[in-house]
Amino acid sequence: MKFGYGLISRSRRVVQDSSMAMAAEAEIGGLRRSCWENMPQELLREVLMRIEASESSWPLRRNVVACAGVCRSWREIVKEVVRTPEVSGKLTFPISVKQPGPRDSLVQCFIRRDRSTQTYHLYLNLTLALADDGKFLLAARKVRRTTCTDYIISLHADNMSRGSSTYIGKLRSNFVGTKFIIYDGLPLHAGTKIMKSSSTLSSKQVSLRIPARNYPVAHLSYELNVLGSRGPRRMICMMDAIPTSAIERGGVAPTQTDFPLSNAGSFPLLPFFRSKSRRLENILAGPSTDQRDGALVLRNKAPRWHEQLQCWCLNFHGRVTVASVKNFQLVTSAENGQAGPEHGKVVVQFGKVGKDVFTMDYRYPLSAFQAFAICLSSFDTKIACE
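Note that this is a predicted model, so its numbers are computed, not measured. (Residues numbered from 1 in each chain as written. Predicted model: local features only at pLDDT ≥ 70, side-chain atom pairs only at ≥ 80, totals over all residues. Heavy atoms only, no water.)

### Some words on the overall build of the chain
Of regular secondary structure, the chain possesses 8 helices and 16 strands. Per-residue burial over the chain gives 42% buried out of 386 residues. When contacts within the chain are restricted to residue pairs at least 6 apart in sequence, long-range pairs at least 24 apart make up 61% of them. Here the chain displays about 21,500 Å² of accessible surface, and carbon together with sulfur accounts for 55% of that area. (Helix = DSSP H or I, 4+ residues; strand = E, 2+ residues; numbered from the N terminus. Buried < 20%, exposed > 50% of the residue type's maximum accessible area, 1.4 Å probe, protein only. Contact = heavy atoms within 4.5 Å. Areas by Shrake-Rupley, 256 points an atom, 1.4 Å probe, with all protein chains shown as cover.)

### A word on unusual backbone geometry
Each neighbour pair has its own omega, and for tryptophan 58 with proline 59 the value is 5°, a cis peptide bond. Of note, proline 59 is situated in the loop between helix 2 (41-54) and helix 3 (62-68). In this chain, tyrosine 364 is followed by proline 365 through a cis amide linkage whose omega measures 10°. Looking at where proline 365 falls in the secondary structure, it is placed in the loop between strand 16 (357-362) and helix 8 (368-379). The backbone of glutamine 118 sits at a positive phi, close to 55°, despite the residue not being glycine. Tracing the backbone shows glutamine 118 in the loop between strand 1 (107-114) and strand 2 (119-124).

### Looking at the confidence of the model for the chain
Do not read the fine detail of predicted coordinates wherever pLDDT is low. Looking at the chain, the pLDDT average stands at 76 and 68% of residues meet or exceed 70. At the level of individual helices and strands, the chain shows its lowest average pLDDT in strand 10 (residues 270-272), which scores 32, and its highest in strand 16, which scores 96. Scored below 50 in pLDDT, residues 190-212 makes 47 contacts in the model with residues more than four places away or belonging to other chains. In the model, residues 262-284 has pLDDT below 50 throughout and makes 52 contacts with residues more than four positions away in sequence or in other chains. (pLDDT = per-residue confidence, 0-100.)

### Let's talk about the packing of aromatic side chains
Taken as a whole and judged by the stated rule, the model has 9 aromatic pairs. Ring geometry for tyrosine 120 against phenylalanine 379: centres 4.7 Å apart, planes inclined by 40°, an arrangement best described as tilted. Of this pair, tyrosine 120 sits in strand 2 while phenylalanine 379 sits in helix 8, placing them 259 residues apart in sequence. Of the residues examined, tyrosine 120 reaches a relative accessible area of 5% and is grouped as buried. Classification of phenylalanine 379 as buried rests on a relative accessible area of 8%. (Phe/Tyr/Trp six-rings, centres within 6.5 Å; stacked < 30°, edge-to-face > 60°.)

### Quick notes on the pattern of salt bridges
With the rule as written, the count across this model stands at 14 salt bridges. Across the pair glutamate 52 and arginine 61 runs a salt bridge whose closest N-O atoms are separated by 2.6 Å. The same class applies to glutamate 52 and to arginine 61, which are both buried. Residues participating in the shared-partner salt-bridge network are Glu52, Arg61 and Lys90. (Salt bridge = Lys/Arg side-chain N within 4 Å of Asp/Glu carboxyl O.)

### Let's talk about the nonpolar core
Soluble globular proteins: nonpolar side chains tend toward being buried together. With 51 residues, the main nonpolar core has Met360, Phe372 and Ile374 as its most contacted residues. The element best represented in this core is helix 8, accounting for 9 residues. Among residues more than four places away in sequence, those in contact with isoleucine 374 are Ile182, Leu220, Tyr222, Met235, Cys237, Met239, Phe328, Leu330 and Leu366. (Core = buried A, V, L, I, M, F, W, Y, C linked by side-chain atoms within 4.5 Å.)

### Examining the side chain of threonine 119
Considering the arrangement of structural elements, one finds threonine 119 in strand 2. Judged by its relative accessible area of 7%, threonine 119 is buried. Polar contacts involving the side chain of threonine 119 include one to the side chain of threonine 117, which spans 2.7 Å. (Polar contact = N/O pair within 3.5 Å; in protein donor to acceptor, adjacent residues only side chain to side chain.)

### Brief notes about the packing of helix 2 against helix 4 (residues 72-81)
In the contact formed by helix 2 and helix 4, the axes pass within 10 Å of each other and the chain directions differ by 50°. Compared by their axis directions, helix 2 and helix 4 come out oblique. For the pair helix 2 and helix 4, the sense of crossing is right-handed. Residues Gln41, Leu44, Arg45, Leu48, Met49 and Glu52 of helix 2 lie in contact with helix 4, whose contacting residues are Trp74, Ile77, Val78, Glu80 and Val81. Tallied by class, residues from the contact of helix 2 with helix 4 come to 7 nonpolar, 1 polar and 3 charged. (Axes fitted to C-alpha atoms, helices over the stretch in contact; angles between N-to-C directions. Parallel < 35°, antiparallel > 145°, perpendicular 65-115°, else oblique. Left-handed = near helix turned anticlockwise from the far one by under 90°. Nonpolar A, V, L, I, M, F, W, Y, C, P; charged D, E, K, R; others polar.)

### Some words on helix 8
Because an α-helix packs 3.6 residues into every turn, residues spaced three or four apart end up facing the same way. Its 12 residues give helix 8 an end-to-end C-alpha distance of 17 Å, which sits within 8% of 16 Å, the value for a rise of 1.5 Å per residue. Within helix 8, 12 of the 12 residues are buried, leaving the element largely enclosed by the surrounding structure. (Expected span 1.5 Å × (residues − 1).)

### Quick notes on the pairing of strand 16
The side chains of a regular strand alternate, residue by residue, between the two faces of the sheet. Burial of strand 16 is extensive: 6 of the 6 residues sit out of reach of the surface. Along strand 16, one buried face is formed by Val357, Thr359 and Asp361 and the opposite face, lined by Phe358, Met360 and Tyr362, is buried too. Inspection of the sheet shows strand 1 paired to strand 16 by 6 bridges, in the antiparallel sense. Looking at the pairing, cysteine 109 lines up with methionine 360 of strand 16. (Pairing = 2+ DSSP bridges.)

This is the structure we're talking about:
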């Protein structure tokens, strides 16, 4: 018994010692945090501005991100100092992939395809090489369904689950691969409507607090090829979330500033259906006439036939090296109204440089997420177009 009591007292001493050590460590950590938090705001802002200006490219830019993680006061100042990609041309935080690119230049990226896992990874070019190690931006996984195909897009390279906190949107196609809808996991502006199922309620309906992650932001359509020729594809892209005025002088494109808190209480109470929804064709028919009014329209730039090479050609300025039916350039359409300074410029271009490597370049008013989703549509099998 004495031996047993000795064990109990010794274990209590160990617990007390460990708790005291943890308390001391927490106190030291609190002092360190308060030391950083209590820095003079003017001095802190000057230091962070110099760091932001000096670390202009990845991987050095990770130091800017690290500064934002020191404490709340540092994070708020860093968010003020770091400009959006539209102004700075730099992608710094994860939210940068949801913000429009620069107006005067193309952001150069590339996509690696993994056929075995049917996944696609988007990287930011760090050098002038067509495909280097790159800075990871986004990932997508192809999911085949009975009547459609989904491409689940995530901020995480390995976790591409629809229910994951890193899920930011998806691309959905119809059965023949001619019509696509891009869904954003976040509303671009207040009043954005959620696409809901119109199925009748059943006894299996359940109410859960789930994220409202079903905001249609663009519709893509590939022209049917009734002749069966191996010519270039024809694509039209209706950017429902971007107004035509965005490409006019002084125009502004919708810009997301932050990801919402991923807690159940921050989302509205929505019905969760286990019953089947209406036919997919009704959803993929496109937005209504009212929704389409004023939406930015993009069309693929028509290639020219090269007599000597005996193929269709586009000028990718060295960013594409392999001929492929998947290659394309999107420009603003004449349907957007009076020609302005942004009209005729290439908004996004995509092309093959290797067996499973493709370049993707984009600019204002598209974001990396929107451009990536558009390029994913080119990977999908198009029975009626080829």
